[in-house]
Every structure is written in structure tokens, then in C-alpha cells.
Amino acid sequence: MQKNRISMAVIRRLPKYHRYLKELLEKDVKRISSKELSEIIGFTASQIRQDLNNFGGFGQQGYGYNVEELFYEIGKILGLNRTYNTVIIGAGNLGQALANYVSFEKFGFALKGLFDINPKMIGLKIRDIEIYDMDELEEFIIKNNIEIAYICTNRESAQVTAERMMDCNIKAIWNFAPVDIKVREGVVVENVHLIENLFTLSYFLNNNEE
Ligand code: NAI
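K.L.:
Sorry, what's going on with the nonpolar core here?
P.N.:
For soluble globular proteins, nonpolar side chains are generally found buried alongside one another. The biggest cluster of nonpolar side chains holds 21 residues, and the ones touching the most others in it are Phe115, Met165, Ile170 and Ile173. Looking at this core, the elements with two or more residues in it are β3 (84–89), α7 (137–143), β7 (146–151) and α8 (155–167). Leave out the neighbours within four places in its chain, and Ile170 touches Ile141, Ile146, Glu147, Ile148, Ala149, Met165 and Val187. Ranked by size, the runner-up nonpolar core spans 20 residues in total, among them Tyr20, Leu21, Phe43 and Ile48.

K.L.:
Sorry, what's going on with the site of the ligand here?
P.N.:
Around the ligand, the surrounding shell holds 21 residues, and the nearest of these are Leu94, Asp116, Thr153, Val192 and Leu194. Taking Asn93, its main chain carries an N or O atom lying 3.0 Å from an oxygen atom of the ligand. Here the ligand, which alone exposes 860 Å², has 71% of that area covered by the protein. Of all the elements in the fold, those that place two or more residues in the shell around the ligand are α5 (93–100) and α8.

K.L.:
Looking at this model, I keep getting lost on the domain arrangement of the protein chain. Mind explaining?
P.N.:
The domains assigned to the protein chain are domain 1 (3–77) and domain 2 (84–196). For domain 1 and domain 2, the distance between their C-alpha centres works out to 31 Å.

K.L.:
It is not clear to me how the pattern of salt bridges should be interpreted in this structure. Could you clarify?
P.N.:
Two side chains bearing opposite charge may form a pair once their charged atoms approach each other closely. Scanning all chains against the criterion turns up 12 salt bridges. Here Glu73 makes a salt bridge to Lys76, at a shortest N to O gap of 3.8 Å. Separated by 3 residues within a single helix, Glu73 and Lys76 lie in helix α4 (residues 67–77), roughly one turn from each other. Residue class for Glu73 comes out buried when judged on its relative accessible area of 15%. Note that Glu163 and Arg184 form a salt bridge whose closest N and O atoms lie 2.8 Å from each other.

The rules behind these values
Residues numbered from 1 in each chain as written. Predicted model: local features only at pLDDT ≥ 70, side-chain atom pairs only at ≥ 80, totals over all residues. Heavy atoms only, no water. Core = buried A, V, L, I, M, F, W, Y, C linked by side-chain atoms within 4.5 Å. Buried < 20%, exposed > 50% of the residue type's maximum accessible area, 1.4 Å probe, protein only. Helix = DSSP H or I, 4+ residues; strand = E, 2+ residues; numbered from the N terminus. Contact = heavy atoms within 4.5 Å. Near = heavy atom within 4 Å. Polar contact = N/O pair within 3.5 Å; in protein donor to acceptor, adjacent residues only side chain to side chain. Areas by Shrake-Rupley, 256 points an atom, 1.4 Å probe, with all protein chains shown as cover. Domains from an automatic or database assignment. Salt bridge = Lys/Arg side-chain N within 4 Å of Asp/Glu carboxyl O.

Structure representation (C-alpha cells):
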């Protein structure tokens, strides 16, 4: 399978394919043509074929796609065929909300601990997962083989926190603080800023052409 030169746009579409295929599987749909998939997912059939051709195609002329196989293969491309140990830094409102959201675990993102600097929070548990003091961070990360850190601190602490993660050899950061984290070579970051979607929504609300 070709791994290089997959465009960012294609990679960004893969989770959506994965989500729709999961729904089809749950409805016990066994196979689907690119045209049918196009009708439910909203990409053109040629876009779908082009996207999937990046990874070897998967479809068969006259048959379409085997839903289960495609779901599995896209999951594999997305790295969902294994588990990841994760931590949350900043156990406030958002950190706790993420910790309470069990669906990440269903996809293999196992939350091992939360970390905070507020002494009042240390030792508390969200579900069965403990909030630890930041002093214990480095040792915890190594001992628990943590691969992904979710940053839910305030803005001012986010970059410093990320540096600390990278010093611990963390290679993936999911950042929710309202700042675009700068990462070192070999480290990947996804900055999530829900407010940007809200601003886009308000733009369209006020600039509805129809
Ligand atoms: P919060 O104030 O409830 O929680 C922040 C927590 O981070 C606190 O418990 C604080 O003690 C801890 N903290 C601060 N500095 C720290 C450090 N250096 N190390 C470890 N822990 C530290 O705030 P909330 O509402 O949970 O928001 C958290 C962050 O997420 C904020 O930056 C906020 O702007 C952002 N946010 C982002 C959203 C998004 O769409 N990405 C949506 C909502 C909030």
C-alpha cells in the first residue's frame, strides 16, 4: 500500500468515510457502490473512487465496495487497528467532559490519567480515572506508555505544557486551548477550536445568499 503523498484533503475526509461506513455496518449493509455512497456522504462518486484509489482502491467493478472490508481498511489507514494510551492535561470543565466521554475509548484511545496543578483536584477521580499532580507527569508518561496528550489547560499554560510533553517523547498532541501549539519535528498536533466553527456559523447566518 502506498503511504506517501496522500493529500491532506484526502486524509481529512477519511474519518467521515469511517463514520458513514460504521453506520452502514450497523444497518447491516453488506456492499455499496460509489454512487450510493456518494448520495449519503455528499462527496461525488468520482471523488470517492479517487480518494480510495490512493490506498489501492478496495472496490470491484460491478460490485462496488464491501462495507465491512472498507470500514476495516479505512480504520487501519487511520491507525484505529490498535490502542493508544492517553492523558488529559488540565482537569477543569473541558478536561472532565472529555474524560467522561467514553466513545474515544471505544475506538481505542484509552485514557490513563488526568493532570492538573490545582491541589484541590489531585486524587479526585473522573469515572475511575485519577487526577494526578503535574509533578508526577514525566514518570507517569513513561510508566504507562502514553502516546497522546490532550491539552485542556488555559491558554497561557498550553505551549509550556506541550513542551513538557515533547520532552517526554510524546509524539501526538490534541490541543483544545485557544492557541495554535508549535511542535517539534516528528510531533503531530491537532488544534481544536470549536469557537471557529461557531464564528463560521454566525457568518453564514448573516450572509445567507438564498
Ligand atoms: P477550566 O479553568 O475549567 O480548566 C482549566 C484547568 O487547567 C484548571 O483545572 C487548571 O487548574 C488547569 N491548569 C492550568 N494550568 C495548568 C498547567 N500548567 N498544568 C496543568 N493544569 C493546568 O477551563 P475549561 O473551561 O476546562 O477550558 C480549558 C481550556 O479549553 C481553556 O483554554 C479554554 O479556553 C479551552 N476551551 C476550548 C474549547 C475548544 O473548542 N477547543 C472549548 C472550550 C474551552
